[in-house]
Amino acid sequence: MNWSNISEFFSMGGYGLYVWGSYGVTLICIVGEILLIKNRHRTLEKQYGLTHDINKKETTHETTS
Amino acid sequence: MAINWFKYSSPASFYSLAGKMIPFFTVIAIILLAAGLYVGFFVAPTDFQQGEAYRIIFIHVPAAWMSMFLYVVMAFWAGIGLAFNTRLSAMFASAIAPTGAMFTFIALWTGSLWGKPMWGTWWVWDARLTSELILLFLYIGFMSLQAAIDDPRRADKAGAIIALVGVVNIPIIYFSVQWWNTLHQGASVSVNQAPSMATTMLAGMLIMVFASWMYSIAVILKRTRIIILERESHTAWVAGLQKKGTVS
C-alpha cells in the first residue's frame with residue numbers, strides 16, 4: 001500500500017498536477033467520446049422519428065388508400 | 001458444413017452480431033480498467049528515479065500503442081474496402097478513426113505532462129513525438145476528408161487513399177527511438193527481449209493495454225452500428241427495425 005492517507009495520494013509525491021492532469025484529461029476524452037456516440041445515436045432516432053411521422057401523415061391523408 | 005465466411009460482411013448480419021458483442025466487451029473493459037488502475041496505483045511501487053510521476057505510464061503507453069494499432073487496423077479495412085468495394089469494410093474504417101485520434105491525443109497529452117517534470121519541457125521536436133503528432137494529423141485528415149465528400153462511397157475511396165499512404169508513418173513512429181538519437185526512451189517492452197520493467201509495473205501497464213483494447217472494440221462496434229443505420233436507412237431491414245422501434 002503506497003499511500004498512508006488521501007492527501008498523500010492526491011499529492012502523488014509532488015507530481016499531482018502532472019499525474020492527475022493526465023488522468024483527468026484521459027477521463028474527459030473517454031467520457032466525451034461515449035457521450036458523442038450517444039448523441040449521434042439520438043439524432044439518428046430523431047431523424048427516423050421524423051421520417052416515420054412523415055410517412056404516417058402521408059398515408060393517413062391519402063384518399064385512395 | 002461449409003463455413004460462409006462472408007455471412008458477416010453484410011451490414012445487416014454484422015449489425016446484429018455487433019449488437020450482441022458490445023455488452024461483452026464493455027463489461028470486460030470496465031473490469032480490466034478497475035484492475036489496471038488498482039495495480040497501477042496500489043500495487044506497483046514508487047520508482048526510485050521518477051518517484052510517483054512514472055504512474056502516467058499506465059495511460060501513456062496503452063494510448064500510444066492503441067493509436068498505432070488502430071491506425072493499422074483502419075488502414076487495413078480501408079484497403080479491403082477499396083480493393084473489394086465492400087461497404088461494411090469502409091464503414092468499419094470510418095468508425096475506427098475517431099477512437100484512434102482520441103488515443104493519439106491522449107498519448108501526446110500524457111506524454112507532454114510526463115515530459116515536463118522529467119525532461120523539463122512540455123514539447124520537443126523529437127523524432128518519436130513529431131511522428132506521433134503527424135499521426136494525429138493523419139487521423140484528422142482522414143476524418144475531415146471523409147466529411148468533406150457527400151457521397152459516402154466516394155468518401156470511402158478518398159479516405160482509403162489517405163489511410164494507406166499514411167501507414168508508412170507507423171513503423172517510423174515505432175522505430176524512431178532506434179533510428180534517431182531521441183530524447184524519448186527506447187522500447188522497454190519488445191517481442192524479442194525480456195522487458196526491462198519491474199513485474200508489477202509491467203503487469204499494471206499490460207492490464208491497462210488490454211482494458212483500452214476492449215474499450216476500443218466496444219466503442220468502435222457501437223459507432224459501426226450507427227454508421228450502418230445512417231447509411232442503410234433506405235433498406236427494408238432498417239425500416240423494419242425502425243417500425244419495431246428497436247433502433248438501438
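Bear in mind that the values here come from a model prediction, so they are computed numbers and not experimental data. (Residues numbered from 1 in each chain as written. Chains lettered and ligands numbered in written order. Predicted model: local features only at pLDDT ≥ 70, side-chain atom pairs only at ≥ 80, totals over all residues. Heavy atoms only, no water.)

Engineer: What am I meant to see in the overall build of chain B here?
Structural biologist: The number of helices and strands found in chain B is eight helices and zero strands. Sequence-ordered secondary structure for chain B, helices as α and strands as β, is α-α-α-α-α-α-α-α. Expressed along its principal axes, the backbone C-alpha trace of chain B runs to roughly 65 × 35 × 35 Å. Within chain B, contacts between residues separated by at least 24 positions form 74% of all contacts whose residues are at least 6 apart in sequence. A total of about 11,900 Å² of accessible surface is found on chain B, and carbon and sulfur atoms cover 72% of it. Each charge class in chain B was averaged separately, 15 positive and 9 negative side chains, and the resulting centres sit 12 Å apart. (Helix = DSSP H or I, 4+ residues; strand = E, 2+ residues; numbered from the N terminus. Contact = heavy atoms within 4.5 Å. Areas by Shrake-Rupley, 256 points an atom, 1.4 Å probe, with all protein chains shown as cover. Lys, Arg positive; Asp, Glu negative; His and termini not counted. Charge placed at Lys NZ, Arg CZ, Asp CG, Glu CD.)

Engineer: Explanation requested: the packing of aromatic side chains in the structure shown.
Structural biologist: Aromatic ring pairs are reported here in terms of the distance separating the ring centres and the angle at which the planes meet. Going through the model one piece at a time under the given rule, you end up with 26 aromatic pairs over all chains. Centroid distance F9 of chain A to W20 of chain A: 5.2 Å. Interplanar angle 55°. Geometry classified as tilted. Here W20 of chain A lies in helix α2 (residues 16-61) and F9 of chain A lies in helix α1 (residues 6-11), a separation of 11 residues in the sequence. Ring centres of W179 of chain B and W180 of chain B lie 5.9 Å apart, and the angle between their planes is 75°; on these two criteria the pair is classed as edge-to-face. Members of the aromatic cluster, joined through ring pairs, are W3, F9, F10, W20 and Y23 of chain A together with Y38, F41 and F42 of chain B. (Phe/Tyr/Trp six-rings, centres within 6.5 Å; stacked < 30°, edge-to-face > 60°.)

Engineer: Teacher, can you tell me more about the layout of surface pockets here?
Structural biologist: The probe, sized like a water molecule, is rolled over the atoms to show the empty space still left. Estimates place the volume of the largest pocket at around 1,400 Å³. Lining the largest pocket are 48 residues, with H60, V61, W65, R128 and H184 of chain B positioned closest to its centre. Elements with a minimum of two residues in the lining of the largest pocket: α2 (57-84), α3 (87-119), α4 (127-148), α6 (169-179) and α7 (199-231) of chain B. Examining the composition of the lining of the largest pocket, we find that nine residues originate from one element, α2 of chain B, more than from any other. Considered class by class, the residues forming the lining of the largest pocket number 32 nonpolar, 13 polar and three charged. Looking at the second largest pocket, it is lined by 28 residues, and the ones nearest its centre are I30 and I34 of chain A together with A29, L33 and Y215 of chain B. Looking at which element gives the most residues to the lining of the second largest pocket, the answer is α2 of chain A, with nine residues. In the lining of the second largest pocket, the residues fall into 22 nonpolar, four polar and two charged. (1 Å grid on protein atoms, 1.4 Å probe; cavity = no way out; pocket = protein on both sides within 12 Å on 5 of 7 lines; lining within 4 Å. Points joined across faces, edges and corners; volume = space filled by probe spheres on them. Nonpolar A, V, L, I, M, F, W, Y, C, P; charged D, E, K, R; others polar.)

Engineer: Where do I start with unusual backbone geometry in this structure?
Structural biologist: One can expect most non-glycine residues to show negative phi and most peptide bonds to be in trans. Even without glycine at this site, M12 of chain A takes up a positive phi of about 55°. With relative accessibility at 0%, the residue M12 of chain A sits in the buried group. Positive phi is not limited to glycine here, since N85 of chain B has a value of about 55°. Tracing the sequence through the fold places N85 of chain B in the loop between α2 and α3. (Buried < 20%, exposed > 50% of the residue type's maximum accessible area, 1.4 Å probe, protein only.)

Engineer: Looking at this structure, how should I read the nonpolar core?
Structural biologist: The tendency in soluble globular proteins is for nonpolar side chains to be buried side by side. Y71, M74 and F103 of chain B are the most contacted members of the largest nonpolar core, which totals 53 residues. When near neighbours in sequence (up to four residues on either side) are disregarded, Y71 of chain B contacts L135, L138, Y139, I162, A163, G166, V167 and I170 of chain B. In this structure, F9 and M12 of chain A together with Y54 and V61 of chain B belong to the second largest nonpolar core, which totals 21 residues. (Core = buried A, V, L, I, M, F, W, Y, C linked by side-chain atoms within 4.5 Å.)

Engineer: I would appreciate a short explanation of the packing of α2 of chain B against α4 of chain B in the present structure.
Structural biologist: Each pair of packed helices can be summarised by the angle the axes make with each other and by the distance between the axes. All names here are of chain B. For the pair α2 and α4, interaxial distance at closest approach is 11 Å and the crossing angle is 40°. On the basis of their axis angle, the class for α2 and α4 is oblique. Along this stretch, α2 crosses α4, giving a crossing that reads as left-handed. Here S67, M68, L70, Y71 and M74 of α2 come into contact with α4, specifically with E132, L135, L138, Y139 and F142. Residues belonging to the contact of α2 with α4 are distributed by class as follows: eight nonpolar, one polar and one charged. (Axes fitted to C-alpha atoms, helices over the stretch in contact; angles between N-to-C directions. Parallel < 35°, antiparallel > 145°, perpendicular 65-115°, else oblique. Left-handed = near helix turned anticlockwise from the far one by under 90°.)

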